[in-house]
Amino acid sequence: MESKKQQKREAFQDAWRTKRSVTLVYILLRASVILVMLAQIFNRNFENVFLCVLTLFLFMVPSMLERKLDIALPNTLEIIILLFIFAAEILGEIGSYYIKYPLWDTMLHTINGFICAAFGFALVDIFNRNRRIKFELSPVFLAIVAFCFSMTIGVLWEFFEFGMDMIFKTDMQKDFVINTISSVKLDPTNSNKAVIIKNITDVAVNGESLGLGGYLDIGLIDTMKDLIVNFIGAVVFSIIGYIYVKTRGKGRFAKRFIPVLEEDGEQSASSEDVLREKEV
C-alpha cells in the first residue's frame, strides 16, 4: 500500500517536472468538474452526475494512451484535448452552451477535426519512421491519411448522433429553423421537380402553431455543418502535417500537435534519417 502511494507521488512529481503546464490545467479542470458534480448531486440531477464522472475518466485517457502505446503527447495538444473535453461535456451539456451559443458546437467540431487528423497523422508517421516496418509514405500521402482518418471519425460520430436520436429520441442532431424549403414531395405532377416554398413564417402541427417563426429542419443542416467544419479542421492539420514532414520535422509549430513514439534507440528512427530520400 505504501509503495503504491510512493509510486503515485513519484509519478505526480515527474509530471509536474516535465509537464508542469499540462498538470496545472489538469488539476484546475478536475477540481472544477468535482465542484460541478457535487452541485449536481445536491440538486439530485444524476444524469449530469454521470456526465461529470465520464469527464473525469476522459481526463485520464491521454495519460493512459501515453503509457499503453508508449507515445508522447505534446503539451499543447494535451492541453487542447483536456479543454475540449471540459468544453464539450461540462460547458456544452451541463452548462447548455450548445443552446446558449449557437457557434459552440461548430467550434468543437472544428477542433475535433483538427485533433483527429493529428492522431491519424501520428499513427502513420510512427510506422513511417520505424526501421523494422517496411512502410513508407510520401508527405502527401501522410497528409491524405490524416485527413481521411479525421473525416472517418467525424462520420462515425454523426452516425452515433443519428442512432441516439432515432432510438432514444434525443436531440443530439440539433434542429434549425429555416424560412425556405425545396421538396419534390410537394410536386402534384410527381415529375421529380422540386417545389420551392419561400418566406415561411409559421408551421402548424395537428392544427397547433409551433411558434418558431419558420420551418423546423430536423438534424440535416446540423449534420452537414458538423461535417463541413470537421473537414476544415482536418484540412488545416493535414497541411501542417505535410509541412512538418516535408521540412524533416524542423518546424516548431507542428511539433506542438503531433504525438510521437517514445525514443527507444532501437525501434525508432529519426525523421531525418528515413525521410531524407523521400520525394512527393
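To be clear, the structure that these remarks concern was listed above.
Note that the structure is a prediction, hence the values are computed from the model and not measured.

Quick look at the overall build of the protein
Looking only at helices and strands, the protein features 10 helices and 8 strands. Burial statistics for the protein: of 280 residues in total, 37% are counted as buried. Taking the contacts inside the protein whose residues are at least 6 apart along the sequence as the reference set, 65% of them involve residues at least 24 apart. Here the protein has roughly 17500 Å² of accessible surface; of this, 64% comes from carbon and sulfur atoms.

Considering the packing of helix H2 (residues 20-42) against helix H4 (residues 75-94)
Two quantities define a packed helix pair, namely the angle between the helix axes and the distance between the axes. At a minimum axis distance of 10 Å, the contact between H2 and H4 shows a crossing angle of 15°. For the element pair H2 / H4, the angle class is roughly parallel. When the axes of H2 and H4 are compared, the crossing they make is left-handed. Contacts between H2 and H4 involve Ser21, Val22, Val25, Tyr26, Leu29, Ser32, Val33, Val36 and Gln40 from the former and Asn75, Glu78, Ile79, Leu82, Leu83, Phe86, Ile90 and Ile94 from the latter.

Here's the deal with the environment of Asp202
Within the secondary structure, Asp202 is located in the loop between strand S4 (195-197) and strand S5 (204-205). Expressed as a C-alpha distance, the spacing of Asp202 and Gly213, which sit 11 residues apart in the sequence, is 5.0 Å. In contact with Asp202, not counting residues within four places along its chain, are Ser209, Leu210, Gly211, Gly213 and Gly214. Of note is the side chain of Asp202, whose polar atom sits 2.8 Å from the side chain of Ser209.

Looking at the packing of helix H6 (residues 103-128) against helix H7 (residues 139-168)
Contact geometry for H6 and H7: axes closest at 7 Å, N-to-C directions at 135°. With respect to H7, the axis of H6 lies oblique. Judged by the twist between their axes, the crossing of H6 over H7 is right-handed. Contact residues: H6 offers His109, Asn112, Gly113, Cys116, Ala117, Phe119, Gly120, Phe121, Leu123, Val124, Asp125 and Asn128, while H7 offers Leu142, Val145, Ala146, Phe149, Ser150, Ile153, Trp157, Glu158 and Glu161. The residue inventory of the contact of H6 with H7, partitioned by class, reads 12 nonpolar, 6 polar and 3 charged.

A few points about a nonpolar patch on the surface
A cluster of nonpolar side chains, namely Leu220, Met224, Ile228, Phe231, Ile232 and Val236, defines an oily patch on the protein surface of about 550 Å² accessible area. Looking at where Val236 falls in the secondary structure, it is placed in helix H8 (residues 220-246).

Digging into H6
For an α-helix, 3.6 residues make a turn, and residues three or four places apart therefore share a direction. Under the 1.5 Å per step criterion, the end-to-end length of H6 is 37 Å for 26 residues, consistent within 8% with the ideal 38 Å. Burial within H6 is extensive, with 20 of its 26 residues counted as buried.

Remarks on the environment of Trp157
Position of Trp157 among the secondary structure elements: in helix H7. By relative accessible area, Trp157 is classed as partly exposed at 38%. Spatially, the C-alpha atom of Trp157 lies 9.9 Å from that of Thr223, the residues being 66 residues apart in sequence.

Things to note about the side chain of Asn230
Its location among the elements puts Asn230 in helix H8. By relative accessible area, which is 1% here, Asn230 ends up buried.

Some points on the packing of aromatic side chains
Tallied over the entire structure, the rule returns 10 aromatic pairs. With a centroid separation of 6.2 Å and 75° between ring planes, the pair formed by Phe121 and Tyr244 is classed as edge-to-face. Of the two residues, Phe121 sits in helix H6 while Tyr244 sits in helix H8, which places them 123 residues apart along the sequence. On the basis of relative accessibility, which here comes to 0%, the residue Phe121 falls in the buried class. Centroid distance Trp157 to Phe160: 5.0 Å. Interplanar angle 35°. Geometry classified as tilted. One end of the pair, Trp157, and the other, Phe160, are both in helix H7, 3 residues apart, so they sit about a helical turn from each other.

Description of the pattern of salt bridges
Inspection of the entire model under this criterion finds 5 salt bridges. As a salt-bridge pair, Glu66 and Lys19 come within 2.7 Å of each other at their nearest N and O atoms. Pair noted here: Glu66 is in helix H3 (residues 46-69) and Lys19 is in the loop between helix H1 (2-18) and H2, with a separation of 47 residues, a long-range link. As far as burial versus exposure is concerned, Glu66 and Lys19 are alike and both buried. A network of salt bridges, in which partner residues are shared, links Asp105, Asp222, Lys225 and Asp226.

What counts, and at which threshold
Residues numbered from 1 in each chain as written. Predicted model: local features only at pLDDT ≥ 70, side-chain atom pairs only at ≥ 80, totals over all residues. Heavy atoms only, no water. Helix = DSSP H or I, 4+ residues; strand = E, 2+ residues; numbered from the N terminus. Buried < 20%, exposed > 50% of the residue type's maximum accessible area, 1.4 Å probe, protein only. Contact = heavy atoms within 4.5 Å. Areas by Shrake-Rupley, 256 points an atom, 1.4 Å probe, with all protein chains shown as cover. Axes fitted to C-alpha atoms, helices over the stretch in contact; angles between N-to-C directions. Parallel < 35°, antiparallel > 145°, perpendicular 65-115°, else oblique. Left-handed = near helix turned anticlockwise from the far one by under 90°. Polar contact = N/O pair within 3.5 Å; in protein donor to acceptor, adjacent residues only side chain to side chain. Nonpolar A, V, L, I, M, F, W, Y, C, P; charged D, E, K, R; others polar. Patch = residues over 30% accessible without salt bridge, like charges linked within 9 Å, V, L, I, M, F, W, Y side chains within 5 Å. Salt bridge = Lys/Arg side-chain N within 4 Å of Asp/Glu carboxyl O. Expected span 1.5 Å × (residues − 1). Phe/Tyr/Trp six-rings, centres within 6.5 Å; stacked < 30°, edge-to-face > 60°.

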